[in-house]
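# Descriptive analysis of the structure
The chain contents come next:
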Amino acid sequence: MGKRVLFGAVAVLLVIAGGYAAFFIAPTERTMGVLQRIFYFHAATAWAGMDAFFLCFACNLLYVFKRQQKYDSLGVASAEVGLACTTVVLLTGPIWAKPAWGIWWTWDARLTSTFVLWLLYVSYLLLRSLIEEPDRRALLGALFGIFAYIDVPLVFFSIRWWRTQHPAPVIMGGPGSGLDPTMSKVFFFNVLAMHVFALFLIVERYVLEKMKADVEILQREAEAG
Amino acid sequence: MKNLNSVFAAYLVGWGVFFLFYVTVAKRTADLKVEVERLKGVVGKR
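Here is what the cut-offs are and how they apply
Residues numbered from 1 in each chain as written. Chains lettered and ligands numbered in written order. Predicted model: local features only at pLDDT ≥ 70, side-chain atom pairs only at ≥ 80, totals over all residues. Helix = DSSP H or I, 4+ residues; strand = E, 2+ residues; numbered from the N terminus. Contact = placed C-beta atoms within 7 Å. Buried ≥ 20, exposed ≤ 12 C-beta atoms within 10 Å, placed from the backbone. Core = buried A, V, L, I, M, F, W, Y, C linked by C-beta atoms within 7 Å. Nonpolar A, V, L, I, M, F, W, Y, C, P; charged D, E, K, R; others polar. Expected span 1.5 Å × (residues − 1).

Broken down by element type, chain A carries seven helices and zero strands. Counting helices and strands in the order they occur from the N terminus, chain A gives α-α-α-α-α-α-α. Counting only C-alpha atoms, chain A reaches 70 × 40 × 30 Å along its principal axes. Sequence-distant contacts, at least 24 apart, represent 76% of the contacts inside chain A between residues at least 6 apart.

Let us now look at unusual backbone geometry. We note that Arg 67 of chain A has phi near 50°; this positive angle belongs to a residue other than glycine. When you line up the elements, Arg 67 of chain A lands in the loop between helix H2 (38-66) and helix H3 (69-101). Judged by the 13 C-beta atoms lying within 10 Å of it, Arg 67 of chain A is partly exposed. Positive phi, normally seen in glycine, also occurs at Asn 3 of chain B, with a value near 70°. Judged by local crowding, Asn 3 of chain B falls into the buried class, with 20 C-beta atoms found within 10 Å.

As a further point, take the nonpolar core. Core analysis: the biggest nonpolar cluster contains 64 residues, and Ala 44, Ala 52, Met 194 and Ala 198 of chain A have the highest contact counts within it. Looking at this core, the elements that each hand over two or more residues are helix H1 (2-25), H2, H3, helix H4 (109-130), helix H5 (134-148), helix H6 (151-161) and helix H7 (181-224) of chain A together with helix H1 (4-45) of chain B. Once residues lying within four places of it in the same chain are set aside, the contact partners of Met 194 of chain A are Val 15, Ala 44, Thr 45, Trp 47 and Ala 48 of chain A.

Okay, the interface of chain B and chain A next. In this complex, chain B contributes 26 residues to the contact, which on the side of chain A involves 31 residues. By residue class, the composition of the side of chain B that touches chain A is 17 nonpolar, four polar and five charged.

Now for H1 of chain B. Taking 1.5 Å of rise per residue, 42 residues should cover 62 Å, and H1 of chain B covers 62 Å from first to last C-alpha, within 8% of that figure. What H1 of chain B keeps buried is the set Ser 6, Val 7, Ala 10, Tyr 11, Gly 14, Phe 18, Phe 21 and Val 25 of chain B. Residues of H1 of chain B that are buried make contact with H1, H2, H3 and H7 of chain A.

The structure is reproduced here in C-alpha cells:
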C-alpha cells in the first residue's frame, strides 16, 4: 500500500510539473498561439494510451499461449487505462479543433480511426462483462483484444498515409517535421509524465482485477462448502 | 489571451476524466475488500 501511494504521489507530481512546463516554459507557437499548449497534454495522453493498448495486446497474446490469470488481469487493467486515455484524447481534440478549424469534429482518417479504436476497446470490456465463466471470458477477451489492437498501427499511420484534416505529424514525421528544441523537451517530459501516470493507474486497476479473481475463488469455495 | 479558455477547458475536462476513472477504481476496490472479508468469514466458519 505504501509503495503504491508513493508511486501515485510521484506520478501526480510529474504531471503537475508537465502542466507547469506546458504553460510556463514552452514558448508560444507562432500560428496557433496559446491554443497549441493543448498539444502537450493531448498528444502525450494519446501516446500513453497507445502504449497501454500495446501492453494489453502483449498480455492477450501471453494469455492465449500460457493461460495464466495474471496476463488476463494485466490485459484488462491496461485496456481500461488505454480507454480512459483515448476518451481524454477524443474530448481534448475537439476542444482544440473548434477554435483552430471552426468545427468540433470531422470524419478525417485520424479522428475516425481513433473513434473506432475507442469503440473496439469499449466492445472488449463489454464482451468481458457478458461472460461469467472466468476461463472462457479470459480467452475470448484475449482473442478479441488481439483483433482490436490491429487498429492501433492504423491510428499511428493514418496521418502519415492520408493527408486530411488532422495536423501532420511533428514527431517521427520525416523531413520537414519537428519541434522547437524547448517545445520538444517539454513535450517529451509530458510524454514521460503521462506514461508514469498511466502506469500508476494500471497498477491500481490490476490490484482491483486480482481482488476480483480472489472473490470468484472464495465464492466458489463458499458455494461448494 | 485568445483561446486561453479552450486550453483551460481541455486540461480541466481531461483531468476530470482521469479523476473520475481513479475514483471508480478506488470505489470498486474498497467494495471488493469488504466482499473478500465477508467471504473469508463465510468460508472460515466451515
